[in-house]
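Here is what each chain is made of, one letter per residue.
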Amino acid sequence: MSKHHTSDFLVLGSGIAGLTFALKAATLGSVTIITKKERAESNTNYAQGGIAAVMEETDTTEGHLHDTLIAGAGLCNRNVVEVLVNEGPERIHELIAMGTEFTRKADGSLDLGREGGHSRNRIVHAADLTGREVERALLQAVANNPRITLLEHFTAVELITEHHIPGARTMGVRHRNCYGVYALNNRSGNIEMFLARRILLATGGCGQVYLHTTNPAIATADGYAMAYRAGAVLANMEFVQFHPTSLYAPERKGGTFLITEAVRGHGGILRTRSGERFMPRYDHRAELAPRDIVARAIDAELKRSGDPSVLLDVTHIPFDDFQQHFPNIEAECARLGIDVRTMPIPVVPAAHYQCGGVRTDLWGRTSINRLYACGEVSCTGVHGANRLASNSLLEALVFSHRAFNKIQEEWCGGEMAYPEIARWNDRGMFNIEEWIVVEHDRREIQQIMWDLVGIVRSNARLVRAARRARLIRDEIEEYFRRTKITVELIELRNIAETALLIVEAALTRKESRGLHFTTDYPETDDPLWLRDTLIEKAVL
Ligand code: FAD
Ligand code: SIN
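The rules behind these values
Residues numbered from 1 in each chain as written. Chains lettered and ligands numbered in written order. Predicted model: local features only at pLDDT ≥ 70, side-chain atom pairs only at ≥ 80, totals over all residues. Heavy atoms only, no water. Salt bridge = Lys/Arg side-chain N within 4 Å of Asp/Glu carboxyl O. Helix = DSSP H or I, 4+ residues; strand = E, 2+ residues; numbered from the N terminus. Buried < 20%, exposed > 50% of the residue type's maximum accessible area, 1.4 Å probe, protein only. Near = heavy atom within 4 Å. Polar contact = N/O pair within 3.5 Å; in protein donor to acceptor, adjacent residues only side chain to side chain. Areas by Shrake-Rupley, 256 points an atom, 1.4 Å probe, with all protein chains shown as cover. Nonpolar A, V, L, I, M, F, W, Y, C, P; charged D, E, K, R; others polar. Axes fitted to C-alpha atoms, helices over the stretch in contact; angles between N-to-C directions. Parallel < 35°, antiparallel > 145°, perpendicular 65-115°, else oblique. Left-handed = near helix turned anticlockwise from the far one by under 90°. Contact = heavy atoms within 4.5 Å. Phe/Tyr/Trp six-rings, centres within 6.5 Å; stacked < 30°, edge-to-face > 60°. Lys NZ or Arg CZ within 6 Å of the ring centre and 35° of its normal. Disulfide = S-S within 2.5 Å.

Draft legend 1. Region of the structure containing the pattern of salt bridges. Tallied over the entire structure, the rule returns 45 salt bridges. Among the salt bridges present, the one from E332 reaches R252, with a minimum N-O distance of 2.6 Å. Residue E332 is located in helix 9 (residues 327-335), and its partner R252 is located in the loop between strand 10 (240-247) and helix 6 (261-265); the two are separated by 80 residues in the primary sequence. Taking relative accessible area as the criterion, E332 reaches 10% and is therefore assigned buried. By relative accessible area, which is 17% here, R252 ends up buried. The partner of R482 in a salt bridge is E434, with the nearest N and O atoms 2.6 Å apart. With R482 in helix 12 (residues 459-482) and E434 in helix 11 (residues 432-452), the pair connects residues that are 48 residues apart, well separated along the chain.

Here it is as structure tokens:
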């Protein structure tokens, strides 16, 4: 163990949830943010469509509430959604006051976009690069705050709980408190210890569990797996959202590229490769049905036709108008030889968002004292069985503010006395030949999840996935315990753990609801399943 760091607050992750919380927490004390790559690298940075909120007098919070509950297929926690829609507008005004520049109309009012599942235009956006603008403004504010230290290239490995206090395990102490994390200094290769009075898990999502995802490389499920291993309660992990329209461009380097739902909100039409508009056959809301319905419809059309993609037709939208609203998408399409004036955009669904996560209350508190979770890694109860478009950034803003509020209420200054924490046990040597074999596991898990735990599931597929994922998870865990740790190994271990959590949750839910559709139980079963799927590791 080379170094110890202490601060009042420790924030894991530099996306919208972590940065928002850090800026508020800094009014109470010192804050350390650790993030595993460059500071802007996050799902937040790639968000396109925008942030949903009631920002016009003609809109109502009841409307936003209603749309969220409908998309969530009966499983949203109504109280939590009420908090989201009521407090959301104030959080957006805070972002604006901080210098975030959202797109405005000629009269200076916000230009509100439309996305699937929304009954009207209510998406605040910065053209089709909303996340980049929000991240820029938040990072700028963090840089200007002398009480915040932001450390790049540190990867959290394990949450520190009672089990890292020498002797506590044998005394039978349950995990009741979190004290910090062990984190890998990616550059030195050493494990360093970060201790704090309050710890915020804001590590984002798990798209990299799947072979095809809209998420960037950082989204390797670290937070879910760390919290699970520490004994926190997780909920609803089976509800993985597949975005209906990621660009189909096998030759494109650098991962999958999203075609924002706002394009459909702006009039984009989904067609088969033979030109048929198919969405009206599936739902009266057609292209603007909630995401689970559109993704399943595309999946069905692809299976029926055998085609590798469907088409998103925008050729009828005036080019200037399209380019003004979606400059990034237009440029990316042009770069790939797709002239949106004359050619439809080939699209396929891809894993996009985890609606479940570390279970929290209305103030971001997890089942472990001192440990809070906000943003995509959390499960507040807002999204139920399917997230409404552009409610994710809003959720991160609202609940990181609330986590801060609760902490502020209870805050008393002074020194924190930490228990004696065990040193990280550095294991063995890194063996490159052995690693090459283990590394293949990553691709295998992603393929298993894509083939067997995707948009349409079945018992047989899930059982097969569980068997294989468990074997791989156990092998990786065994390797992890006897080798020197690298970022790749940390990520692989977390991907494997979280894949298994998703499969097990999917096997548990014996009905179809929202994003979880299984051919063995094709109906929704309210009497038995109108409840969350909870997972908790027995840590003793
Ligand atoms: P992130 O923004 O993902 O940040 C997580 C942070 O944690 C990163 O800094 C990461 O490096 C760090 N991290 C992860 N693991 C570790 C570790 N072990 N140690 C240290 N640091 C770690 N939602 C909307 O509401 N509207 C949209 O328009 C929208 N568009 C989207 C478009 C795309 C392409 C994608 C991928 C998502 C989109 N979403 C959108 C979803 C939304 O962007 C995310 O859910 C949201 O940004 C999550 O924010 P976060 O702060 O929780 O996590
Ligand atoms: C999109 O722009 O289509 C993504 C919006 C979201 O994930 O909410």
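Draft legend 2. How the structure looks around the site of ligand 1. As a matter of local geometry, ligand 1 sits amid 37 residues, with T44, G50, D222, E376 and S392 nearest to it. At 2.9 Å from an oxygen atom of ligand 1 is found a main-chain nitrogen or oxygen belonging to L393. Look at ligand 1: alone it shows 1,000 Å² of surface, and the protein chains cover 98% of it. Of all the secondary structure elements, the ones that give two or more residues to the shell around ligand 1 are helix 1 (16-25), strand 6 (154-161), strand 13 (345-354) and helix 10 (391-410). A per-class count over the shell around ligand 1 returns 12 nonpolar, 20 polar and 5 charged.

Draft legend 3. Seen up close, the packing of helix 11 against helix 12. As a packed pair, helix 11 and helix 12 sit with axes 10 Å apart at the nearest point and diverge in direction by 155 degrees. Comparing their axes, helix 12 and helix 11 come out roughly antiparallel. The chirality of how helix 11 crosses helix 12 is left-handed. Facing E434, W435, V438, D441, E444, I445, I448, D451 and L452 of helix 11, the residues of helix 12 in contact are R461, L462, R464, A465, R468, I472, E475, I476, Y479 and R482. Here the residues of the contact of helix 11 with helix 12 sort into 10 nonpolar, no polar and 9 charged.

Draft legend 4. View of the packing of aromatic side chains. By the definition in use, this model includes 9 aromatic pairs. Considering the side-chain rings of F9 and W411, the 4.9 Å spacing of their centres and the 20 degrees angle between planes classify their relative orientation as stacked. Highlighted residues: F9 in strand 1 (residues 4-12) and W411 in the loop between helix 10 and helix 11, separated in sequence by 402 residues. Across the pair, exposure class does not vary: F9 and W411 are buried alike. Ring centres of F278 and Y282 lie 6.3 Å apart, and the angle between their planes is 85 degrees; this geometry places the pair in the edge-to-face category. Since its relative accessible area comes to 0%, F278 is described here as buried. One aromatic cluster in this structure is built from F9, F21 and W411. Over the ring of Y353 we find R387, and its NZ or CZ is 4.0 Å from the ring centre. Here the basic side chain of K406 rests over the ring of W363, its NZ or CZ set 4.4 Å away from the ring centre.

Draft legend 5. Representation of the state of the cysteines within the structure. Enumeration over the complete set of coordinates arrives at 0 disulfides. In this model C178 remains outside any disulfide bridge; the closest cysteine sulfur is found in C374, 14 Å from its own. As a non-bridged cysteine, C355 has C379 as the owner of its nearest cysteine sulfur, 8.3 Å distant. Judged by its relative accessible area of 2%, C355 is buried.

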